[in-house]
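Chain residues, written in single-letter form:
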Amino acid sequence: MGTNNTEKKFYDKANASYKASRRLAQGFICVFLILVSLLVLYPLVYTVSAAFTPGNSVSALSIIPFGNGVTSDHFTKLFTQTNYLLWFRNTIIIAAGTSVSTVIVCSLAAYIFSRFRFAFKKHMMMALLILQIFPSFIGMVSIYVILMRIGGLDTLWGMILIYLAGNIPYNTWLVKSYMDSIPKSLDEAARIDGASNATTFFRIILPQAKPIITFLGITSFTGPWMEFIFSKLILRSNEKMTLALGLYAFVSDKKNEFTDFCAGSILIAIPFIIFFILTQKMLVTSLGGAAVKE
């Protein structure tokens, strides 16, 4: 009996020690995650507070969010004294044009590479893969010269053309890989029924490839949203600026309007967050569907 009581006390002490160490570890993890969350959220909260803070200089801002008071003058200035709405419209046009053109061109190219045999097919696919290796800004000089020759400088369609050209190599490979998983027996059945290649593509292949097409459309739309390098190279006039260029003008060497920059950034984030919420389920469903191979 004495031995059993001793063993029971030993196990109770060991169990209590284990629970105490586990609580200590959980407490340490919670404290660590809270600190990390604060470090991540502080810049966002500080940006929001700066957008509502009187004044323009970043050096005059308090370290404590909303420590200098609250005002909505910066948002009023964006809509009354700048071309913010025009910059927003230009960005929407470029993003939507890039998305639509990328889906059309890449899906057609992927269908051709996936279903047809022709000379230099492997060489062309390898060329697309090699082009994807090099960063797009390596050809900035040649892109500038080409657009100058065709009259595409300082135009929205010139920006769409640049983004489309940059999207073709990788996205063609992406869509082709998915179309390769679609049974070719569907094509053969359609041809037996008298369908042309165009009918087969639009009525048979394209609905089957809807998941990857949806994913391509969403990613192609979000890509040009805040791109800066090519926009700075091609767009020169204030009327053709995008949001990235317009906001950069607030914090350039000639200006120090940091609070206006923060206000514009918040307004950009709101429709972008709404777009992400609306397309999140569609994007996840598309990724899940694209992962299924038949």
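Residues numbered from 1 in each chain as written. Predicted model: local features only at pLDDT ≥ 70, side-chain atom pairs only at ≥ 80, totals over all residues. Heavy atoms only, no water.

Considering the overall build of the chain
To keep things clear, this is the line we draw: To qualify as a helix, a DSSP run of H or I must reach at least 4 residues; to qualify as a strand, a run of E must reach at least 2; elements of each kind are numbered from the N terminus. Between buried and exposed lies partly exposed: a residue is buried under 20% and exposed over 50% of the maximum accessible area for its type, with that area taken using a 1.4 Å probe on protein chains only. Residue contacts are counted whenever heavy atoms from the two residues lie within 4.5 Å of one another. Here the accessible surface of atoms and residues is derived via Shrake-Rupley with a 1.4 Å probe, and residues count as covered only by protein chains that are part of the display.
The helix and strand tally for the chain stands at 12 helices and zero strands. Buried positions account for 33% of the 294 residues belonging to the chain. For the chain, contacts bridging at least 24 residues in sequence account for 71% of all contacts bridging at least 6. Surface exposure of the chain reaches about 18100 Å², of which carbon and sulfur atoms provide 69%.

Looking at the packing of aromatic side chains
For clarity, the threshold we go by: Aromatic rings from Phe, Tyr and Trp, taking only the six-membered ring of Trp, are treated as a pair when their centres fall within 6.5 Å; an angle between ring planes under 30 degrees marks them as stacked, one over 60 as edge-to-face, and anything in between as tilted.
Taken as a whole and assessed by the stated rule, the structure comprises 11 aromatic pairs. Through pairs of rings, three or more aromatic residues link up here, namely Tyr111, Phe116, Phe201 and Phe202.

Here we look at helix 8 (residues 197-208)
Since the α-helix packs 3.6 residues into each turn, any two residues three or four apart lie on the same face. Quick reminder of the rule: Each residue after the first adds 1.5 Å to the expected span of a helix. The directions from the helix axis to the C-beta atoms are what the arc is built from.
With 12 residues, helix 8 should reach 16 Å at 1.5 Å per residue; the first-to-last C-alpha distance of 15 Å fits that figure. All of the buried residues along helix 8 are Thr200, Phe201 and Ile205. Down the axis of helix 8, the sector holding all buried residues measures 95 degrees, keeping them to one side. Every exposed residue of helix 8 that faces more than 90 degrees away from the buried side is listed here: Phe202 and Arg203.

A short note on the nonpolar core
Which entries qualify depends on this criterion: We call a set of buried residues a nonpolar core when its members are Ala, Val, Leu, Ile, Met, Phe, Trp, Tyr or Cys and they connect through side-chain atoms within 4.5 Å of each other.
Counting 32 residues, the largest nonpolar core has Tyr84, Met159 and Ile234 as the members making the most contacts within it. For this core, the elements supplying multiple residues, two or more each, are helix 1 (2-51), helix 2 (73-80), helix 3 (84-115), helix 6 (156-180), helix 10 (229-234), helix 11 (243-248) and helix 12 (258-290). Each residue touching Met159, except ones within four places of it in the same chain, is listed here: Ile94, Glu227, Phe230, Ser231, Ile234 and Leu235.

Section: the side chain of Arg115
For the record, the criterion: Between N or O atoms, a polar contact is any pair within 3.5 Å; within protein, one atom must be a potential hydrogen donor and the other a potential acceptor, and residues adjacent in sequence are included only when both atoms are from side chains.
Checked against the element boundaries, Arg115 lands in helix 3. Of the polar contacts made by the side chain of Arg115, one reaches the backbone oxygen of Met179; its length is 3.0 Å. One polar contact links the side chain of Arg115 to the main-chain carbonyl oxygen of Ile182, over a distance of 2.9 Å. Ignoring sequence-local partners within four residues, the contact set of Arg115 consists of Met179, Asp180, Ile182, Pro183, Lys184, Asp187 and Ile205.

Notes on the packing of helix 6 against helix 9 (residues 210-222)
Note the cut-off: Only the contacting stretch of a helix is used when fitting its axis, a line to C-alpha atoms as for every element, and angles between N-to-C directions run 0 to 180 degrees. Here the word oblique covers every angle except those under 35 degrees (roughly parallel), over 145 (roughly antiparallel) and from 65 to 115 (roughly perpendicular). Left-handed describes a crossing whose near helix is turned anticlockwise from the far helix by less than a right angle; the clockwise case is right-handed. Residues are grouped as follows: nonpolar covers Ala, Val, Leu, Ile, Met, Phe, Trp, Tyr, Cys and Pro; charged covers Asp, Glu, Lys and Arg; every other residue, Gly included, is treated as polar.
One can describe the packing of helix 6 onto helix 9 by two numbers: an axis separation of 10 Å at closest approach and a directional angle of 160 degrees. The angle between the axes of helix 6 and helix 9 places the two elements in the roughly antiparallel class. Of the two possible hands of crossing, helix 6 and helix 9 adopt the one that is right-handed. Between helix 6 and helix 9, the residues in contact are Asn167, Asn171, Leu174, Val175 and Tyr178 and Pro211, Ile212, Ile213, Phe215, Leu216 and Ser220, respectively. Split by residue class, the contact of helix 6 with helix 9 holds eight nonpolar, three polar and no charged.

Focus: the pattern of salt bridges
Between side chains of opposite charge, a pair can form when the charged atoms approach closely. For the record, the criterion: The term salt bridge refers to a pairing of a side-chain nitrogen on Lys or Arg with a carboxyl oxygen on Asp or Glu at a separation within 4 Å.
Summed over the entire model, instances satisfying the criterion amount to four salt bridges. With a shortest N-O distance of 3.3 Å, Glu257 and Lys77 are connected by a salt bridge. Here Glu257, found in the loop between helix 11 and helix 12, pairs with Lys77, found in helix 2; they are 180 residues apart in sequence, far enough to count as distant. Glu257 sits in the buried class, given a relative accessible area of 15%. Lys77 is paired through a salt bridge with Asp260; the nearest N and O atoms lie 2.9 Å apart. Separated by 183 residues along the polypeptide, Lys77 in helix 2 and Asp260 in helix 12 bring together distant segments of the chain. Just as Lys77 is buried, Asp260 falls in that class too. A single salt-bridge network, built from bridges that share partners, covers Lys77, Glu257 and Asp260.

Remarks on unusual backbone geometry
Peptide bonds are mostly trans, and most non-glycine residues show a negative phi. Located in the positive-phi region is Phe120, a residue other than glycine, with phi close to 65 degrees. Among the secondary structure elements, Phe120 is positioned in the loop between helix 3 and helix 4 (121-133).

Considerations on helix 6
As a reminder, the rule being used: Across the chain, bend at a residue is computed as the angle between axes fitted to the seven residues ending at that point and the seven starting from it.
In this model, helix 6 (25 residues) spans 35 Å end to end at C-alpha, consistent with the 36 Å of a helix rising 1.5 Å per residue. Taken as a whole, helix 6 carries its principal kink of about 45 degrees at Ile168; the proline Pro169 stands between one and four residues after it. With a side-chain oxygen lying 3.2 Å from the backbone nitrogen of Gly158, the N-terminal cap of helix 6 falls on Thr155.

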